[in-house]
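Commentary on secondary and tertiary structure
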Amino acid sequence: MPTSSKLARLIAAPAAALPLLFAAPVAVAAPPGSPPSASVGGDRLGLPGVQVDPLAGAPALPGDLTGQSWIVADATSGEVLAASNPHLRLAPASTLKILFADTVLPKFDRNAVHRVAPEEIQGIGAGSSLVGIKEDLDYRVEDLWRGVFLSSGNDAVHVLAHMNGGVQQTVAEMQSRAEALQARDTRVVSPDGYDSDGQVSSAYDLTLFARAGLRNPDFRSYCATRDAQFPGAVDKNTGQRGSFGIANTDRLLGKYPGLIGVKNGFTTNAGSTFVGAAERDGRTLLVTVMHPTTYQKVYDETAALLDWGFAAAGKVAPVGKLVEEGESAAPTPTGQAGGAAGVPAPPPHPSPTATDRSAPATARAADPAGDDGLGPVGWVVVGVVLTAGGAGAVLLLNRRRAAAR
């Protein structure tokens, strides 16, 4: 019997179970601290530890960095100048609000007025940072965004999420936006970054979000605002509505020369996280630091890495790149990765493009010495299919048992 016929007969029965295995895959979010399944932006970015490629005259990296994950990148070219575990999946805290803003901010006119319904400020996590929104009062959209960026107000996030169709709708759109940006380390559970099981991101992904957000003038303006007046309650005696001052919780804003923003975060689970952008001599750098040993170190280490990045520009070869929408997520590493300058801003809500990961199989002759004429390659195929088919059968049995309960 021809080898191909034997192989087909051996795999026919278990192969029939394969559709059952793949028909309804279960999405399981990676636990915090888990590595990515693939390296987006270059293979070196998936390697453990510090990645840097100094040339002659390059300054040494700061020696006292404690962040579990960090990255230094050029916002214009996308070149990654140095990084340490940039794809490590960690709890993002309020830096996830960058993705929230990148997803929702383009949808509403900043001068539009919205009356807050009671249910829009319910269900907010205990201990959340709040800007102080009150029910049954009117707020301009731009005031709500100042509450998000300056006070990191989860109440402002929830109101805007309800305006956007609800919290779950917004979470789904944020996940879609992350996928469109090729931010494959990110799993969104809450729109505000509040500690939630399975919610993770990475220094690389947060940097992608910040780069995309900064292309929106309103985003850039909000994250650079140091203080503002926020609408308050109505005085029962005068009938006049008051206001109160709010200040940006970003401790580098106004202190680090050239800092643009972007967003800080802190929760019990995530510790400290920070994404910062600064401009100097026509160059804009992005630095993200996640989970250093103390709260203040997230700012100290961001400032130190920004200093290093400006001093090292032109004196290091890039170790990877920030990918753009539509390009290959894992380019062949060359040690000289670059990006196109002046790339226009992406559309606010593009549909994720499916990437064909398949590759043509290389046909090889069967080993004539192998039993049944299948050869080692044929038996590897049989083993894989039998294993998958068995798993499919077990999965189907478990589903039927569960359905019967």
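Everything below is about the structure printed above this text.
Heads up: these notes are all about the structure in this document. Treat the numbers as computed from the prediction; the structure is a model and nothing was measured.

1. Remarks on the packing of aromatic side chains
Taken as a whole, this structure holds 9 aromatic pairs when the rule is applied. Consider the rings of F149 and F219, whose centres lie 5.2 Å apart with planes at 85°: the pair is edge-to-face. Remark: F219 occurs in helix 8 (residues 217-224) and F149 occurs in helix 4 (residues 141-149); sequence separation between them is 70 residues. The exposure class assigned to F219 is buried, which follows from its relative accessible area of 1%. Between F274 and Y299 the ring centres are 5.2 Å apart and the planes differ by 55°, which places this aromatic pair in the tilted class. Of the two residues, F274 sits in strand 9 (residues 271-280) while Y299 sits in helix 9 (residues 297-312), which places them 25 residues apart along the sequence. There is no split in this pair, since F274 and Y299 are both buried. An aromatic cluster of three or more residues is present, and its members are F100, W145, F149, F219 and Y222. Looking at R241, its charged tip hangs above the ring of Y139, at a distance of 4.6 Å from the centre.

2. Some remarks on the packing of helix 3 (residues 97-104) against helix 7 (residues 203-213)
The description of two helices packed together rests on the angle between their axes and the distance between the axes. Between helix 3 and helix 7, whose axes approach to 9 Å, the crossing angle comes to 40°. In terms of orientation, helix 3 and helix 7 fall into the oblique class. Along this stretch, helix 3 crosses helix 7, giving a crossing that reads as left-handed. Residues I98, L99 and D102 of helix 3 form the contact with helix 7, whose participating residues are F209, A210, A212 and G213. A per-class count over the contact of helix 3 with helix 7 returns 5 nonpolar, 1 polar and 1 charged.

3. Overview of the nonpolar core
In this structure, I133, W145, F149 and F219 are the most contacted members of the largest nonpolar core, which totals 62 residues. Of all the elements, helix 7 adds the most residues to this core, at 7 residues. With sequence-adjacent residues up to four places away left out, W145 is seen in contact with F100, A101, V104, L105, L160 and Y222. Membership of the second largest hydrophobic core comes to 22 residues, among which are L81, L259, F274 and A303.

4. Section: helix 6 (residues 167-180)
In a regular helix each residue adds 1.5 Å, so 14 residues correspond to 20 Å; helix 6 covers 20 Å between its end C-alpha atoms and thus fits that length. Looking at helix 6, one finds that the buried residues are V167, T170, V171, E173, M174, Q175, R177, A178 and A180. Contact partners of the buried residues in helix 6: helix 3, helix 5 (154-163) and helix 7. Backbone geometry just downstream of helix 6 places Q182 in the positive-phi region, at approximately 65°.

5. Looking at the pattern of salt bridges
Applying the stated criterion across every chain, the model contains 16 salt bridges. Here R115 and D138 are joined by a salt bridge, their closest N and O atoms 2.9 Å apart. Here R115, found in strand 4 (residues 113-115), pairs with D138, found in strand 5 (residues 138-140); they are 23 residues apart in sequence, far enough to count as distant. Residue D138 is classed as partly exposed on the basis of its relative accessible area, which comes to 30%.

6. Observations regarding unusual backbone geometry
In this structure, D136 takes a positive phi of about 60° despite not being glycine. Mapped onto the elements, D136 comes out in the loop between strand 4 and strand 5. Of the residues examined, D136 reaches a relative accessible area of 43% and is grouped as partly exposed. A positive phi angle, close to 55°, is found at H291, a residue other than glycine. Within the secondary structure, H291 sits in the loop between strand 10 (283-290) and helix 9.

Calculation rules
Residues numbered from 1 in each chain as written. Predicted model: local features only at pLDDT ≥ 70, side-chain atom pairs only at ≥ 80, totals over all residues. Heavy atoms only, no water. Phe/Tyr/Trp six-rings, centres within 6.5 Å; stacked < 30°, edge-to-face > 60°. Helix = DSSP H or I, 4+ residues; strand = E, 2+ residues; numbered from the N terminus. Buried < 20%, exposed > 50% of the residue type's maximum accessible area, 1.4 Å probe, protein only. Lys NZ or Arg CZ within 6 Å of the ring centre and 35° of its normal. Axes fitted to C-alpha atoms, helices over the stretch in contact; angles between N-to-C directions. Parallel < 35°, antiparallel > 145°, perpendicular 65-115°, else oblique. Left-handed = near helix turned anticlockwise from the far one by under 90°. Contact = heavy atoms within 4.5 Å. Nonpolar A, V, L, I, M, F, W, Y, C, P; charged D, E, K, R; others polar. Core = buried A, V, L, I, M, F, W, Y, C linked by side-chain atoms within 4.5 Å. Expected span 1.5 Å × (residues − 1). Salt bridge = Lys/Arg side-chain N within 4 Å of Asp/Glu carboxyl O.

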